[in-house]
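Structural description and commentary
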Amino acid sequence: MKPPPFEYLRPESLDELCVMLAGTENAKILAGGQSLMAMLNLRYVFPDVLIDINRVPGLAGIEIKRDRLRIGAMTRQRKIELDPLVNERAPIVAEALHLVGHRQTRNRGTIGGSLCHLDPAAELPTIALLHDAEIEIAKEGGRRTLPIADFIVDYMTPGIEPNEVVVAVEIPLWQDGHGYCFHEFTRRHGDFAVASAGCLVTCDASGTIDKIAIAVGGVSTVPLRGVEAEEVLSGTSGDDATVEAALSFCDGLDVLGDFHGSADYRKHVARSVLRKTLKTAISRARDRLGGLN
Amino acid sequence: MSERSIELTVNGRSYSGTADVRTTLADFLRHGLGLTGTHLGCEHGVCGACTILVDGVSARSCLMLAVQAEGSDVRTIEGLAEPNGDLHPLQTAFRDNHGLQCGFCTPGILMTLMELLDEQPDPTEADVRDAISGNICRCTGYQSIVAAAMQAAAELRKGRRA
């Protein structure tokens, strides 16, 4: 028997789930299980109660309301990856999802599970941060919405209380034809990234960058926004020299060293991954806006 | 009381049994139902040996609890060959191309490829490599596995046209 003993609860409505969360101590929520089940099997976690939310209706689904993409917390990663609306309106989400684990893990793994696990090298928290996503959270007798910057508290620590559950993530959509790229370096396909980077960008009619968002993952304890790099590139044509100048943002990063490589190596990889990401996103913005420049 | 009774369909046949709630689906298939064709390597979702189909999609059976499969339609390696022993085209292709040596990873790879070939009857070699990227094989170097998958895809397409 691999996992330690626990009491198993399987709520069948969100209300029932919230009551269970309020009434239990040391409970863990089982979503897709692609991280938690491994941690149970390895006995890294010892919950007294496991609350399996796979049969709670209404927690999965993808919809676009006005200019916001809303994805239910229990939506499987592979559903999102293959969704035509997501591919059309937020292609970076699908591009990043293709790099999440493998098809067998994406079939089960959920967006809410990945956000709450908050592995610094995971793709979905970086994508959420890049978009200034908002996290919808429920508890008994209440709901609240938390900006992703506040949701990401620290290393593998999401900003939710033990009696709360993430029910959805809302991603503000960028205008049609925006440039995008998500790129990462791993030693083997599907591994956690040594470094990853995402970029969203739009250019005006003259080819000048009028809006840009940059985020990096895998290098520090949490995914980070590249605010300095965004400032360097905003209002420029995004030429190669400016991209190089923007990369100096990586020099100031507090980088983790681990068995994948030393901090210096990871910083080097981050620079290289970010360079490729920025160049691809900027060139796609130009191509998608009708071949400007 | 941590035991639960579980009813599910495996390879078209109804099964019922009881399992401790912390039993993984992989252990339930192997120990509870005696279906030992599903192999367990790493038991934390990395090696892919335990891959099965749950309600039509591939999943790591070491990363699911048996109780979660209650009411599900599960397919395992035991369901591929005909009851009279005739091999599935995918199995034949693996034999023809030396797609296995020790065979430990083979059930997981075949179940992953069942899903791929169902979704994409005419995959490229790159599609096959992407699909089996989550299945670790330490014997073959993958080349013969990819060749087998391509042969099986061609055979299955012929079967669909006939």
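None of the values given here were measured: they were computed from a predicted structure.

All right, on to the overall build of chain B then. Secondary structure summary: chain B contains 5 helices and 5 strands in total. Counted from the first residue to the last, chain B has its helices and strands arranged as β-β-α-β-β-β-α-α-α-α. Computed over its C-alpha atoms, the radius of gyration of chain B comes to 16 Å, within 12% of the 15 Å expected for a compact globule of 162 residues. With the principal axes as the frame, chain B shows a C-alpha extent of 50 × 35 × 25 Å. For chain B, restricting intrachain contacts to residue pairs at least 6 apart in sequence, the fraction spanning at least 24 positions comes to 54%. By element, 48% of the accessible surface of chain B is carried by carbon and sulfur atoms, the whole surface being about 7100 Å².

Glancing now at the pairing of strand S2 (residues 27–30) of chain A. As paired strands, S2(A) and strand S3 (residues 49–52) of chain A are joined by 4 bridges and run parallel to one another. For A:Lys28, the partnering residue across the bridge sits in S3(A) and is A:Leu50.

A few words on the environment of A:Gln77. Residues and elements named next belong to chain A. Topologically, Gln 77 is positioned in helix H3 (residues 77–82). Considering only alpha carbons, one finds Gln 77 and Ala 94, 17 residues apart in sequence, at a separation of 9.2 Å. Setting aside its immediate chain neighbours within four residues, Gln 77 contacts Leu 97, Val 100, Thr 105, Arg 106, Gly 109, Thr 110, Ile 111, Ser 114 and Leu 124. A polar atom in the side chain of Gln 77 sits 3.1 Å from the backbone oxygen of Thr 110.

For the rest of this paragraph, the subject is the sheet that holds strand S11 (residues 179–185) of chain A. All names here are of chain A. Read across the sheet, 4 strands follow the order S11-S12-S13-S14 without closing on themselves; strand pairing throughout is antiparallel. In the strand order of this sheet, the two ends are held by S11 and strand S14 (224–225), each with one partner. Where strand S12 (residues 195–203) lies against strand S13 (residues 209–217), 8 bridges are found, and the strand directions are antiparallel. Across the sheet, Cys 199 pairs through a bridge with Ile 214, a residue of S13. Together, S11, S12, S13 and S14 form the strand contacts of helix H8 (residues 123–130), whose direction differs from that of S13 by roughly 155°. Sheet contacts for helix H12 (residues 263–288): S11, S12 and S13; angle to S11, the most-contacted strand, approximately 155°.

This paragraph deals with the domain arrangement of chain B. All names here are of chain B. When cut into domains, chain B gives domain 1 (3–79) and domain 2 (89–161). Tallying the contact residues gives 18 residues for domain 1 and 13 residues for domain 2. Together, the buried faces of domain 1 and domain 2 total about 1200 Å²; carbon and sulfur atoms form 62% of this surface. By the criterion of area lost to domain 2, the three top residues of domain 1 are His 39, Thr 51 and Ile 77, representing 37% of everything that side buries. Joining domain 1 to domain 2, the criterion identifies 0 salt bridges. Seen at the junction of domain 1 and domain 2, the total is 5 residue pairs in polar contact (both at pLDDT 80 or more). Elements with a contribution of two residues or more to the side of domain 1 that touches domain 2: strand S3 (51–54) and strand S4 (57–60). Here the residues of the side of domain 1 that touches domain 2 sort into 8 nonpolar, 8 polar and 2 charged.

Our focus in this paragraph is the interface of chain B and chain A. Each side of the interface is counted separately: chain B has 32 residues, and chain A has 31 residues. Here chain B packs against chain A, burying approximately 2600 Å² in sum over the two surfaces, 51% of which is carbon and sulfur. Of all residues in chain B, B:Arg22, B:Leu63 and B:Gln68 give up the largest surface area on contact with chain A, accounting jointly for 26% of the area buried on that side. Across the contact surface, chain B and chain A share 4 salt bridges. Here B:Glu119 and A:Arg103 are joined by a salt bridge, their closest N and O atoms 3.4 Å apart. Linking chain B to chain A there are 18 residue pairs in polar contact (both at pLDDT 80 or more). Only S4, helix H3 (106–119) and helix H4 (125–131) of chain B provide two or more residues apiece to the side of chain B that touches chain A. Taken together, the residues that form the side of chain B that touches chain A break down as 11 nonpolar, 12 polar and 9 charged.

Another aspect to go through is the nonpolar core. By size, the foremost hydrophobic cluster in this structure holds 37 residues, and its most contacted members are A:Ile92, A:Val93, A:Ile135 and A:Val169. Examining the composition of this core, we find that 5 residues originate from one element, H8(A), more than from any other. Taken domain by domain, this core gets at least three of its residues from each of domain 2 (62–172) and domain 3 (180–288) of chain A. Once residues lying within four places of it in the same chain are set aside, the contact partners of A:Val169 are A:Leu69, A:Arg70, A:Ile71, A:Ile111, A:Leu115, A:Ala133, A:Glu134 and A:Ile135. Counting 34 residues, the second largest nonpolar core, distinct from the first, contains B:Val21, B:Leu35, B:Leu65 and B:Val74.

A side chain with one charge may pair with a side chain of the opposite charge, provided their charged atoms come close. On inspection of all chains with the given rule, the structure shows 23 salt bridges over all chains. Two residues, A:Lys2 and B:Glu43, come together in a salt bridge whose shortest N-O distance is 3.8 Å. Here B:Glu43 lies in the loop between helix H1 (25–32) and S3 and A:Lys2 lies in the segment before strand S1 (7–9), a pairing that spans two chains. Residue A:Glu95 pairs with A:Arg284 through a salt bridge whose shortest N-O separation is 3.1 Å. Of this pair, A:Glu95 sits in helix H5 (residues 91–97) while A:Arg284 is found in helix H12, placing the two residues 189 residues apart along the sequence. Looking at A:Glu95, the relative accessible area reads 23%, which means it is partly exposed. Among the residues examined, A:Arg284 registers a relative accessible area of 23% and is labelled partly exposed. Taken together, the shared-partner salt bridges connect A:Arg78, A:Glu81, A:Arg103, A:Arg106, B:Glu115 and B:Glu119 into one network.

Calculation rules
Residues numbered from 1 in each chain as written. Chains lettered and ligands numbered in written order. Predicted model: local features only at pLDDT ≥ 70, side-chain atom pairs only at ≥ 80, totals over all residues. Heavy atoms only, no water. Helix = DSSP H or I, 4+ residues; strand = E, 2+ residues; numbered from the N terminus. Rg over C-alpha atoms; globule rule 2.2 N^0.38 Å. Contact = heavy atoms within 4.5 Å. Areas by Shrake-Rupley, 256 points an atom, 1.4 Å probe, with all protein chains shown as cover. Pairing = 2+ DSSP bridges. Polar contact = N/O pair within 3.5 Å; in protein donor to acceptor, adjacent residues only side chain to side chain. Axes fitted to C-alpha atoms, helices over the stretch in contact; angles between N-to-C directions. Domains from an automatic or database assignment. Buried area = accessible area lost by both parts, 1.4 Å probe. Salt bridge = Lys/Arg side-chain N within 4 Å of Asp/Glu carboxyl O. Nonpolar A, V, L, I, M, F, W, Y, C, P; charged D, E, K, R; others polar. Core = buried A, V, L, I, M, F, W, Y, C linked by side-chain atoms within 4.5 Å. Buried < 20%, exposed > 50% of the residue type's maximum accessible area, 1.4 Å probe, protein only.

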